[in-house]
Amino acid sequence: RYYLPILPFLILGCWLGLGWLNRRISDRNIANILCTALLVVLAGSNVVRCANFSLQQHGVFVDAKGDKLSESIMTSDLGRKLKHRLPDDATILAPRRYARVLGYLSGHHTIAAGPAIQISDLHSPAYVILPGDNDDAQINADLSRLDLKTGPHVFDENATTEFPYAVYQLELPQSK
């Protein structure tokens, strides 16, 4: 996209550079070898950079980024499960880190845990995603602050993932 429009100018520049070297250096063979070496160095660095990008895109670096990849897979799996197992009009309270992605993948109204949440933001039926170790301090603080209780257990994922979680229905206070 950016390379092709300037390719003719690069070729012209190489041609003019070769002509300049041939005029400056009396031995044409040395000038040609020097120009070829310069072209190989410049093109070689670009090829290495492109190869690195290509390898990254094809998963060679999965081991180095294993945790991020596992987390992405877990998030997409959870999004699919939420889409199929929860009612279409469900509201989900999720950890801030995953809320937007889960909202997109599940198609449900998803609220990120945080101090700005009000009880009026949650509509019945409402669900909460709790990490398997129940260690998300923000969600626990929100549940306590809003005086919400977890209701029936909907589903969980503990054995097959490095990021265990559980989904519970929330018991919302009755409106007056």
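Residues numbered from 1 in each chain as written. Predicted model: local features only at pLDDT ≥ 70, side-chain atom pairs only at ≥ 80, totals over all residues. Heavy atoms only, no water.

S.K.: An account of the sheet that holds strand β5 (residues 165-171) is requested, with residue identities and associated values reported.
M.R.: Taken in spatial order, the five strands line up as β2-β1-β3-β5-β4 in an open sheet, and their pairing is mixed. In the strand order of this sheet, the two ends are held by β2 (109-112) and β4 (149-157), each with one partner. Across the sheet, the mean angle separating the axes of adjacent strands is 25 degrees when strand polarity is ignored. In this sheet, β5 lies alongside β4 in antiparallel orientation, the contact comprising six bridges. Pairing of F155 across the sheet is with V167, part of β5. Along the sheet, helix α4 (residues 99-106) makes contact with β1 (91-94), β2 and β3 (126-131), crossing β2 at roughly 175 degrees. Here helix α5 (residues 137-145) sits on the sheet in contact with β1, β3, β4 and β5, set at roughly 140 degrees to β3. (Pairing = 2+ DSSP bridges. Helix = DSSP H or I, 4+ residues; strand = E, 2+ residues; numbered from the N terminus. Axes fitted to C-alpha atoms, helices over the stretch in contact; angles between N-to-C directions. Contact = heavy atoms within 4.5 Å.)

S.K.: Summarise the environment of L18; cite the residues concerned and give the values.
M.R.: With respect to the secondary-structure elements, L18 resides in helix α1 (residues 3-24). L18 sits 16 residues away from L34 along the chain, and the two C-alpha atoms are 9.0 Å apart.

S.K.: Before we move on, can you summarise α4 with the specific residues and values?
M.R.: Every buried residue of α4 is listed here: A99, L102, G103 and S106. The buried side chains of α4 occupy one side of the element, clustering within an arc of 105 degrees when seen end-on. Exposed residues lying more than 90 degrees from the buried face of α4 are R100 and Y104. Just downstream of α4 lies G107, where phi reads positive at about 80 degrees. (Buried < 20%, exposed > 50% of the residue type's maximum accessible area, 1.4 Å probe, protein only. Arc of directions from axis to C-beta.)

S.K.: A description of a nonpolar patch on the surface should follow, citing residues and the corresponding values.
M.R.: A cluster of nonpolar residues, Y3, L4, I6, F9, L10, L12, W15 and L16, forms a patch on the protein surface that exposes about 920 Å² of accessible area. If you trace the backbone, W15 turns up in helix α1. Here W15 falls in the exposed class, since its relative accessible area comes to 63%. (Patch = residues over 30% accessible without salt bridge, like charges linked within 9 Å, V, L, I, M, F, W, Y side chains within 5 Å. Areas by Shrake-Rupley, 256 points an atom, 1.4 Å probe, with all protein chains shown as cover. Salt bridge = Lys/Arg side-chain N within 4 Å of Asp/Glu carboxyl O.)

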